[in-house]
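So the chains spell out like this:
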Amino acid sequence: MHHSSPSSSPRFLTKSMDFIVFLNIEDLHVPCSFPFFLISFFHFLSDMKSISKSLIFALCCCTFTMSTFHVLGENSPEPEPVPFLLSCGGKEITDSDGRNWIPDGEFLASSDSRDDTEAATAPYPDPLLPSPVPYMNARIFRSSSTTYKFPVFSKSRLWLRLHFYPTTYGDHDPFRAYFSVAANGITLLNNFSAAVTAKAITQAYILREFSLMPVVSGDLNLTITPCKESYAFINGIEVIPMPDIFQKPVAIVGYRDEPLDLRGSTLQTMFRLNIGGEFIAPQEDSGLTRTWYEDLPYLSSTSIGATSRANKDVTIRYTEEVTADIAPLNVYSTARTMGPYSKINLKHNLTWIFQVDADFTYVVRLHFCEYQLSRIKERVFDIFLNNQTAQRGADVIEWSGSMGKPVYKDYAVFVSGLPGAGEIRVELHPTISTTRKLNRYDAILNGLEVFKANDTNENLAGRNPVPSEMLTNAEEAYKQHQASGSNVEEMVAGGVASSAVLIALVVFVKKKKDNVSASKTVNLLPIDGSSHRKSGSTGSFVNIAAGLCRHFSLSEIKNGTKNFDESQVIGVGGFGKVYKGTIDGGTKVAIKRSNPSSEQGVDEFQNEIEMLSKLRHRHLVSLIGFCEEAGEMILVYDYMANGTLREHLYKTDKPPLSWKQRLEICVGAASGLHYLHTGARYPIIHRDVKTTNILVDENWIAKVSDFGLSKCGSTLTQTHYSTMVKGSFGYLDPEYFRRQQLTDKSDVYSFGVVLFEVLCARPVLDSNLPKEQVSLADYVQHCQRRGTLRRMIDPHIKGEMNPECFKVFADVAGKCISDNGIDRPSMGDVLWNLEFCLQLQENPGGVDMANDTHIATLSVDEEIVDDEVYSPRLAPVFSMIADPRGR
Ligand SMILES: *[C@@H]1O[C@H](CO)[C@@H](O)[C@H](O)[C@H]1NC(C)=O
Ligand SMILES: *[C@@H]1O[C@H](CO)[C@@H](O)[C@H](O)[C@H]1NC(C)=O
């Protein structure tokens, strides 16, 4: 077979494997594919310590050359071009990373089976798809089992990636597709529904990655079998040779006996996270095209620790053991630690939680690299997997030998539980030393992967996830709404079906609330609208949102607001007026009615619906529904009984908020903004953070509102905002004027102004004051330089404020309003510091450690300026605290 080979991907000659194996070069940890082979030899060369190794090397080179001749001379079958990237049901196409995808037709085993399939095209690209290739085409398997045959001969493992985009192909309902997939007899997916799975994880597409065992004889057969009365589909298939990263036996946590030998097992990648760092796209992973995600959604919210990045003066280098095959260097150059405050660290575990299928064995691979500390016993911690000790006294420097050297550790754990309901908890806690007093109690993690191993029945398939009740209810409501073929108004008018809808809707709204308040910091509620869109949609965004939030009729809105009576107005913004209202005979809501004359409104309306429908968080205002009728654009939100933060700060007859209440509101708002910046796949910049956009509900829970101006980071580069200044004066990032560019640090700046507004309880711009005091941001900076900030504190709270708490608060707020974005902390760091403030305020004496006087007596000041512990190598968030006097 002849296929054009992908230009940017590593080519792989099957025969080259032979002499690598023959030379036993694997033992030297040289990866298998040709270019890596050479590169690794250079690494190897630079690391060589003994003459004997040079001898081996010389020998290798020599044999290598001979083998090359040997291979070329032999009348061998022509080497197959791998990787294979199949665009199923599509044409040959190059994706945006320059990878070439070829049609799948000739890989189908026989023409018979091809006849039972059809090529199909997706009706529209979901905005959440990472790229149109390979998702916009699909092959549909109508009923019988069909096999793809890949002529690979590989002594290395293979990565198999399966891509699914559940949408309506022709007249095939995505929710009717249930099928199984097997590779050379191993069941990979069984009774699998891509639509249900995608919905449950709020993705538009599903990507499954498996590590298959070497195929040393015959072909790689991939069999797709639709379930009874169902059909199957697939959009893309990748078959890529991979370095063997599963050679070492892995100790099973909780069992002393035999370690797990993975060499005979097929594995599925479950999670791959760049801990404390950013998303790493496939093309940034050295030709191995792995995707590394952010870890924040998996962190347990009790303590999110602190993220950091290696300073430029620390070089992170691969070792013989850890090469680019294991992870890209980017993974090792960022980390999450518990933070600089030992006594707080001792009270918590740094915890990540993963939902997995029960009744399987999982391999948890933890990646470490120490770039802040250089000596052993400086950061020693225990690692727990599912409440069992996986490792005592982990010391990254002791493992790696020095700073900047990465290491990884594998632990296997068997997950039992109810079918489909397993979880993996990875917990880190500082080791409490009995023999020697440590001056730091902390833990670190840089990267994490979770792989599932096939069970003894050669099966890897789990159950389809159960979408949350809230989604099911919303979907039901939507379906009935569709079935009745009318708008909500008519349904309300009569009929049994309509009351069912209303009940469902009420349950939906209620469930949503319950669900949200049950979660703490990061709440990725499963929301996905793609499955509700109909094919041939005319692009009306109503379809986008209809499955997620309620569609109101204009008369419902009019009834609820006394026909937009002025007495109901609770706010006026650029968009229009906000009314207080009621729906369903009593539920209080806030109703935002666009100003019919505002042209910008249409975009912002659509933007806000799309944005809010996808984003759910305890500290973001929830959208309940919308109304698009007779030219009206109306949004319906949860009612925030206590109004805006500003109306509790100044120029008000409301009682002043206590300092603790203010701190809690700031922590909540920071958490909402942090979620916007990191919780979605692309950072979302709020662009108009101010005290009137931070609302407070009846329980004094802060919620960030007004996403009309928000934009996704991904579109930022294309759409320049230089033409129109948005946001509010007094809060606007000065860097924005210089560089005409909004970043997440612009929100951090505005939030810093909010923090000072909360501290000082005065307007951000007050033209009645002397000139140098008009701008709050300028004036507090001036005061901070002169050390007079204390005088600015709102007299109502001065007395109750803990001085340490004030110091941390003022430091972080001051950093937020730094002139240059690069000097400002991330929203996550701000959140961390505010949470710390709150702890200091609530618990000023600190933690008493009965057996450890050192810690008990360590004041925050000492801890902060302990140079030995906090060397200048630390990342910005720490240096910010480490040197409160500024640079
Ligand atoms: C940390 O996790 C381990 C294992 O689950 C548990 O035994 C321990 O109590 C936890 N420690 C804290 C401080 O939460
Ligand atoms: C996976 O299946 C193979 C047989 O194909 C078996 O030898 C191996 O033990 C299985 N792995 C596990 C972890 O049970």
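- With an unreviewed UniProt entry as reference, the protein is termed non-specific serine/threonine protein kinase, source organism Hibiscus trionum.
- Recorded in UniProt under Subcellular location (unreviewed entry), the annotation for the protein is "Cell membrane".

**Structural notes on the site of ligand 1**
Reasoning step 1: The full set of residues close to ligand 1 is K347, N349, F384, N387 and E427.
Reasoning step 2: At 2.2 Å from an oxygen atom of ligand 1 is found a side-chain nitrogen or oxygen belonging to N349.
Reasoning step 3: Between E427 and ligand 1, the recorded distance is 2.8 Å, taken from a side-chain N or O atom to an oxygen atom.
Reasoning step 4: When isolated, ligand 1 has an accessible area of 360 Å², and the protein chains bury 56% of it.
Reasoning step 5: Class assignment of the residues belonging to the shell around ligand 1 gives a composition of one nonpolar, two polar and two charged.

**What to know about the site of ligand 2**
Reasoning step 1: Close to ligand 2 lie I186, G264, S265, A453, N454, D455, T456 and E458, which account for all nearby residues.
Reasoning step 2: Between ligand 2 and N454, the relevant distance is 2.3 Å, taken from an oxygen atom to a side-chain nitrogen or oxygen of the residue.
Reasoning step 3: Within the contact set of ligand 2, an oxygen atom lies 2.7 Å away from a side-chain nitrogen or oxygen of E458.
Reasoning step 4: Here ligand 2, which alone exposes 360 Å², has 66% of that area covered by the protein.
Reasoning step 5: Of the residues assigned to the shell around ligand 2, the class counts are two nonpolar, four polar and two charged.

**Quick word on helix α21 (residues 803-816)**
Reasoning step 1: End to end, α21 covers 20 Å across 14 residues, agreeing with the expected 20 Å (1.5 Å per residue, within 8%).
Reasoning step 2: Counting buried positions along α21 yields 10 of 14 residues, so the element is predominantly enclosed.
Reasoning step 3: The N-cap of α21, judged by a side-chain oxygen 2.8 Å from the amide nitrogen of E804 a few residues on, is N802.

**Here we look at the pairing of strand β31 (residues 632-638)**
Reasoning step 1: Of all seven residues making up β31, seven are buried, and the element is well covered by its neighbours.
Reasoning step 2: Taken together, the five bridges between strand β29 (residues 587-594) and β31 define a ladder with antiparallel strand orientation. Note on β31: the bridge partner recorded for R593 is I634.
Reasoning step 3: As paired strands, strand β30 (residues 623-629) and β31 are joined by six bridges and run antiparallel to one another. Within β31, the residue paired with L623 across the bridge is Y637.

The rules we used
Residues numbered from 1 in each chain as written. Chains lettered and ligands numbered in written order. Predicted model: local features only at pLDDT ≥ 70, side-chain atom pairs only at ≥ 80, totals over all residues. Heavy atoms only, no water. UniProt positions renumbered as here; feature names shortened; annotations may be inferred. Near = heavy atom within 4 Å. Polar contact = N/O pair within 3.5 Å; in protein donor to acceptor, adjacent residues only side chain to side chain. Areas by Shrake-Rupley, 256 points an atom, 1.4 Å probe, with all protein chains shown as cover. Nonpolar A, V, L, I, M, F, W, Y, C, P; charged D, E, K, R; others polar. Helix = DSSP H or I, 4+ residues; strand = E, 2+ residues; numbered from the N terminus. Expected span 1.5 Å × (residues − 1). Buried < 20%, exposed > 50% of the residue type's maximum accessible area, 1.4 Å probe, protein only. Pairing = 2+ DSSP bridges.

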